[in-house]
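# Overview (structure and organization)
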Amino acid sequence: MEERMLRMERFISLGSLASGLHHEIKNPLTALSIHVQLLEERLRDPNPSEPVDELIGVLNTEVHRLNGVLESFRNFTNLQRLTIQDVSITDVLETTIRLVRPQASEQQVEISIHYPEKPLPKVPLDVEKFEQAVLNVIINALEAMPSGGMLLIRVILAGDTLQVEVSDTGLGIPHELQSSVFKPYFSTKSRGSGMGLALTEKIISQHGGNVTFQTGPKGTTFRLLLPLKQSV
Ligand SMILES: Nc1ncnc2c1ncn2[C@@H]1O[C@H](COP(=O)(O)OP(=O)(O)OP(=O)(O)O)[C@@H](O)[C@H]1O
Ligand SMILES: [Mg+2]
């Protein structure tokens, strides 16, 4: 509970978002300024030793990166109201899973989906946002299994909550990183924005639910818990 509260605070806290953003912008800006300077020198040189294409390539990449940073920032801070509808969770999950099937089969990841025996009630959801939330977790699971494994998606009815568990058979999250995974901009991937789980947590919190995980050397399970009655 305490940890969840802390995470909520972090999600509200502008400070950590600002410092993450600062960090994300600083590196490309530094690279830009160094390469602009190099470009200037090379253009002044009457007999440049190397062509300028490579330098311009770096400028392009970094400008592109900055654009991406701002885009993900806008997505994250956009506190739009949810558009809640009573929907079939089965339909929503099937749609989401369909999106990742090609990637999964390319990586030799088998997908298995388990639903409870009992018929599932409709769930109050913002379909688009919820799909995004689940997709982020599923993509992380796939990325944790670059050379194959098992993606298990399980729907559980417990009391007046519905839980969606996404498990992978990857290597798990190292102990020292476990407290950071929900932080905006925290990523261990060279091409990750680090916004995936931050966004997932924000969306599920907006639905009145929460996100937890269990991890170990045999894999990781993320659990998205949703109230069956909309309370927010
Ligand atoms: N299933 C998982 N197995 C192992 N590590 C994970 C898993 N899910 C998340 N992580 C760790 O948590 C970090 C943060 O995840 P998050 O989804 O927020 O960002 P990302 O995946 O790095 O980038 P993005 O989602 O923007 O592409 C990851 O970089 C990774 O280190
Ligand atoms: Mg991710």
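Residues numbered from 1 in each chain as written. Chains lettered and ligands numbered in written order. Predicted model: local features only at pLDDT ≥ 70, side-chain atom pairs only at ≥ 80, totals over all residues. Heavy atoms only, no water.

### Structural notes on the sheet that holds strand 7 (residues 219-227)
Pairing is mixed in the open sheet, where 5 strands are placed in the order 2-4-5-7-6. Each edge of the sheet is formed by a strand with only one pairing partner; in this case those strands are strand 2 (109-114) and strand 6 (210-216). Direction aside, neighbouring strands of the sheet carry axes that sit 15 degrees apart on average. Sheet topology note: the strand 4 (residues 149-158)/strand 5 (residues 161-167) ladder contains 7 bridges and is antiparallel. Following the sheet pairing, Leu-152 is matched in strand 5 by Ser-167. Packed on one face of the sheet, helix 6 (residues 196-206) meets strand 6 and strand 7 and runs near 25 degrees to strand 7. (Pairing = 2+ DSSP bridges. Helix = DSSP H or I, 4+ residues; strand = E, 2+ residues; numbered from the N terminus. Axes fitted to C-alpha atoms, helices over the stretch in contact; angles between N-to-C directions. Contact = heavy atoms within 4.5 Å.)

### Some remarks on the environment of Thr-188
Secondary-structure assignment places Thr-188 in the loop between strand 5 and helix 6. Between the C-alpha atoms of Thr-188 and Leu-177, which are 11 residues apart in sequence, the distance is 9.3 Å.

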